[in-house]
Amino acid sequence: MSGGASVLEDRSVLSRLDTGLLSVERVLALLSGLAVFSLMVIAVISVGGRNAFNQPLPGYVDWIEQAMPLIAFMGASYTMRYGGHIRMDIIVGRFNGRLLWGAELLTTLVTLALMVLLVWGSWAHFQRSFDWAAPLWSRDSSIDIALPLWPGKLLAPVAFSVLCLRLVLQAWGYCRALILGLSEPVAVPMVLSAAEQAAAEAEHVGGLQEETEKD
């Protein structure tokens, strides 16, 4: 889904599972953000070392390669929870009621099937790299400073597994909305209109300004 979205909550089992998984997703998203920040620090150190001492950071490219799975995958489930992934809303955006929930359920199940295959494939890729008997438990390593590659390869199935759990909860929410004919189901992203997004952003900015004035 493109654009802003909100997720409704109540005291149901589905909503409690949704908020419980959200706490895990927030940690993974934080790790992803820290990885981005770390790359910025590493870049400054490498460029500074090159300019000041003619000696860049050893293994700069290797560290970037290790951080890329953190950046690319760890925030995927958190983004899915709030409907932040890009998609075409030209057709689905015209639907409402059970037709909308049926279309959302179908696309969620297709995405879930794809992610299950990716979990299986990425786990097999990790197993080819990991070996208890090998030095640093790794059968392969980076070219420059020989960093073991299995930690980065492990991150993909872990992140994809969390995303699969998110998709299961969303499929549950859409299925529940489809059967019961709900207008505002819980645990699924409710896409906001342009006017609603603008109002929410204005309210957020207004709240920040009030806190600044109080300080």
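Cut-offs and rules
- Residues numbered from 1 in each chain as written.
- Predicted model: local features only at pLDDT ≥ 70, side-chain atom pairs only at ≥ 80, totals over all residues.
- Heavy atoms only, no water.
- Salt bridge = Lys/Arg side-chain N within 4 Å of Asp/Glu carboxyl O.
- Helix = DSSP H or I, 4+ residues; strand = E, 2+ residues; numbered from the N terminus.
- Buried < 20%, exposed > 50% of the residue type's maximum accessible area, 1.4 Å probe, protein only.
- Axes fitted to C-alpha atoms, helices over the stretch in contact; angles between N-to-C directions.
- Parallel < 35°, antiparallel > 145°, perpendicular 65-115°, else oblique.
- Left-handed = near helix turned anticlockwise from the far one by under 90°.
- Contact = heavy atoms within 4.5 Å.
- Nonpolar A, V, L, I, M, F, W, Y, C, P; charged D, E, K, R; others polar.
- Polar contact = N/O pair within 3.5 Å; in protein donor to acceptor, adjacent residues only side chain to side chain.
- Phe/Tyr/Trp six-rings, centres within 6.5 Å; stacked < 30°, edge-to-face > 60°.
- Lys NZ or Arg CZ within 6 Å of the ring centre and 35° of its normal.
- Lys, Arg positive; Asp, Glu negative; His and termini not counted.

J.: Before we go on, may I ask you to explain the pattern of salt bridges in this structure?
T.: Pairing between side chains of opposite charge can happen when the charged atoms of each approach one another. In total, this model carries six salt bridges according to the counting rule given. Arg166 is the salt-bridge partner of Asp18, the closest N and O atoms lying 2.5 Å from each other. With a gap of 148 residues between them, Asp18 in helix 1 (residues 13-53) and Arg166 in helix 5 (residues 150-180) connect regions that are remote in the sequence. Like Asp18, the residue Arg166 is buried in the burial classification. Put simply, Arg166 and Glu25 hold a salt bridge, and the shortest N to O gap is 2.8 Å. Of this pair, Arg166 sits in helix 5 while Glu25 sits in helix 1, placing them 141 residues apart in sequence. Arg166 gets classed as buried once you look at its relative accessible area, which sits at 0%. One salt-bridge network, held together by shared partners, links Glu9, Asp18, Glu25, Arg81 and Arg166.

J.: Which parts of the structure should I look at to understand the packing of helix 1 against helix 2 (residues 60-73)?
T.: For any two helices packed against each other, one specifies the inter-axial angle together with the distance between the axes. Contact geometry of helix 1 with helix 2 gives a least axis separation of 9 Å together with a crossing angle of 165°. One element, helix 1, and the other, helix 2, form an angle in the roughly antiparallel class. Helix 1 and helix 2 meet at a crossing whose hand is left-handed. Between helix 1 and helix 2, the residues in contact are Leu31, Ser32, Ala35, Val36, Leu39, Ile42, Ala43 and Ser46 and Tyr60, Trp63, Ile64, Ala67, Leu70 and Ile71, respectively. Residues of the contact of helix 1 with helix 2, tallied by class, amount to 12 nonpolar, two polar and no charged.

J.: Honestly, the side chain of Lys153 in this entry has me stumped. Any pointers?
T.: Counting through the fold element by element, Lys153 comes out in helix 5. In this structure the side chain of Lys153 is engaged in a polar contact, spanning 2.7 Å, whose partner is the side chain of Asp140. Setting aside chain neighbours within four positions, we find Lys153 in contact with Ser122, His125, Phe126, Ser129 and Asp140.

J.: When you look at the packing of helix 2 against helix 5 in this model, what are you seeing that I'm missing?
T.: Packing of helix 2 against helix 5 leaves a shortest axis separation of 8 Å and a crossing angle of 10°. On the basis of the axis angle, helix 2 is roughly parallel to helix 5. Along the contact surface, helix 2 presents Gln66, Pro69, Leu70 and Phe73, while helix 5 presents Pro151, Gly152, Leu155, Ala156, Ala159 and Phe160. Split into classes, the residues belonging to the contact of helix 2 with helix 5 amount to eight nonpolar, two polar and no charged.

J.: Explain unusual backbone geometry to me, please; I cannot follow it from the model alone.
T.: Glycine aside, a negative phi is what most residues show, and trans is what most peptide bonds show. Phi angles above zero are rare outside glycine, and Trp137 is one such case at about 60°. For Trp137, the location among the structural elements is in the loop between helix 4 (97-129) and helix 5. Looking at Trp137, the relative accessible area reads 41%, which means it is partly exposed.

J.: Looking at this structure, I do not really get the packing of aromatic side chains. What am I missing?
T.: The way to describe two aromatic rings as a pair is by their centre distance and the angle between their planes. Per the counting criterion, the structure on display carries 10 aromatic pairs. Considering the side-chain rings of Phe130 and Trp150, the 5.0 Å spacing of their centres and the 80° angle between planes classify their relative orientation as edge-to-face. On the criterion of sequence distance, the pair formed by Phe130 in the loop between helix 4 and helix 5 and Trp150 in helix 5 is long-range, its members being 20 residues apart. You can call Phe130 buried: its relative accessible area is 15%. A connected cluster of aromatic rings, assembled from ring pairs, spans Trp123, Phe126, Phe130, Trp132, Trp137 and Trp150. The ring of Tyr82 carries Arg81 above its face, with NZ or CZ at 4.9 Å from the centroid.

J.: Can you help me understand the side chain of Asp62 in this one?
T.: Counting through the fold element by element, Asp62 comes out in helix 2. At 12 Å, Arg50 is the nearest oppositely charged side chain to Asp62, a buried residue that forms no salt bridge. Within polar-contact distance, the side chain of Asp62 engages the backbone nitrogen of Ile145 at 3.0 Å.

J.: Sorry, what's going on with the environment of Arg176 here?
T.: With respect to the secondary-structure elements, Arg176 resides in helix 5. Between the C-alpha atoms of Arg176 and Leu105, which are 71 residues apart in sequence, the distance is 9.9 Å. Leaving out residues up to four positions away in the same chain, Arg176 has contacts with Leu14, Gly181, Leu182 and Val186.

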